[in-house]
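Now for the letters of each chain:
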Amino acid sequence: MISHVFIGVTDFARAVDFYAALMAQLGLTLKFSDPAKPWAGWMQPGHPRPLLLVGAPFAGPHGAGNGQMTALLAPSRAAVDSAHATALAHGAVCEGAPGLRPEYHASYYGAYFRDPDGNKLCVCCHD
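Quick look at the structure, then.

Thresholds, definitions, all that
- Residues numbered from 1 in each chain as written.
- Predicted model: local features only at pLDDT ≥ 70, side-chain atom pairs only at ≥ 80, totals over all residues.
- Heavy atoms only, no water.
- Pairing = 2+ DSSP bridges.
- Helix = DSSP H or I, 4+ residues; strand = E, 2+ residues; numbered from the N terminus.
- Axes fitted to C-alpha atoms, helices over the stretch in contact; angles between N-to-C directions.
- Contact = heavy atoms within 4.5 Å.
- Buried < 20%, exposed > 50% of the residue type's maximum accessible area, 1.4 Å probe, protein only.
- Disulfide = S-S within 2.5 Å.
- Parallel < 35°, antiparallel > 145°, perpendicular 65-115°, else oblique.
- Left-handed = near helix turned anticlockwise from the far one by under 90°.
- Nonpolar A, V, L, I, M, F, W, Y, C, P; charged D, E, K, R; others polar.
- Expected span 1.5 Å × (residues − 1).
- Arc of directions from axis to C-beta.

**Observations regarding the sheet that holds strand β2 (residues 29–34)**
For step 1, the next point in the chain: If you trace the 4 strands from one edge of the open sheet to the other, you get β1-β4-β3-β2, paired in mixed fashion. Looking along the sheet, the strands with just one partner apiece sit at the ends: β1 (4–8) and β2. Strand-to-strand, the axes of this sheet are offset by a mean angle of 15°, without reference to chain direction.
For step 2, the next point in the chain: Contacting β1, β2, β3 (39–43) and β4 (51–55), helix α1 (residues 12–25) runs over the sheet at an angle of about 5° to β3.

Okay, structure coming up:
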């Protein structure tokens, strides 16, 4: 259903450092990085899509949206915990500590944070 998600950033080098650390915690690999554009993309090993892309917006300056969030799937609750801790260690701001969210469903375990540019992200596990 989804081809790719693009997250706009203001400082490409900072964003690549942040997302590289976060993606490593989720087992995702860098597909490409082109500082000249600037943009970079990560994928699940062995699957060309979907991609998570970060880079400078095509038209105009970046501005974090209100009500927009990208949720990344984690393979386990421990991976949610680790990804959240890694994000905070790399400049993220906590928007909700790791934990069960039974209001979504009985097994939903998630954590929420904003990247250094203010983009809201979630890391979650449904098991």
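**Let's talk about the environment of Cys-122**
For step 1, the next point in the chain: Mapping Cys-122 onto the fold places it in strand β8 (residues 120–125).
For step 2, the next point in the chain: A residue is classified by how much of its surface remains accessible, and Cys-122, at 0% relative accessible area, is buried.

**What about the state of the cysteines?**
For step 1, the next point in the chain: For the coordinates displayed, the defined rule picks out 0 disulfides.
For step 2, the next point in the chain: Cys-122 provides the cysteine sulfur closest to Cys-94, a residue in no disulfide bond, and the two sulfurs are 11 Å apart.
For step 3, the next point in the chain: The class for Cys-94 is partly exposed, based on a relative accessible area of 38%.
For step 4, the next point in the chain: With no disulfide of its own, Cys-122 lies closest to Cys-124 among cysteine sulfurs, the gap being 4.4 Å.

**Quick look at the packing of α1 against helix α2 (residues 77–89)**
Two numbers describe a pair of packed helices, the interaxial angle and the distance between the axes.
For step 1, the next point in the chain: As a packed pair, α1 and α2 sit with axes 9 Å apart at the nearest point and diverge in direction by 165°. Between α1 and α2, the angle falls in the class roughly antiparallel. Between α1 and α2 lies a crossing of right-handed hand. Along its contact with α1, which presents Phe-18, Ala-21, Leu-22 and Gln-25, the element α2 presents Ala-79, Ser-82, Ala-83, Thr-86 and Ala-87.
For step 2, the next point in the chain: Considering only residue class, the contact of α1 with α2 consists of 6 nonpolar, 3 polar and no charged.

**Quick word on α2**
For step 1, the next point in the chain: Taking 1.5 Å per residue, 13 residues should reach 18 Å; α2 reaches 18 Å between its end C-alpha atoms and fits that length.
For step 2, the next point in the chain: When we look at burial in α2, the residues that qualify are Ala-79, Val-80, Ala-83, His-84, Thr-86 and Ala-87. Down the axis of α2, the buried side of the element spans an arc of 165°, and every buried residue falls inside it. For α2, exposure combined with an orientation more than 90 degrees from the buried face picks out Ala-78 and Ala-89.
For step 3, the next point in the chain: The inward-facing, buried residues of α2 contact α1, β6 (93–100), β7 (109–114) and β8.

**So, the pairing of β3**
For step 1, the next point in the chain: Of all 5 residues making up β3, 4 are buried, and the element is well covered by its neighbours.
For step 2, the next point in the chain: Bridging between β2 and β3 involves 5 bridges; their strand directions are antiparallel. Residue pairing across strands places Phe-32 opposite Gly-41, the latter belonging to β3.
For step 3, the next point in the chain: Hairpin geometry of β2 and β3 is characterised by an intervening segment of 4 residues between the two adjacent antiparallel strands.

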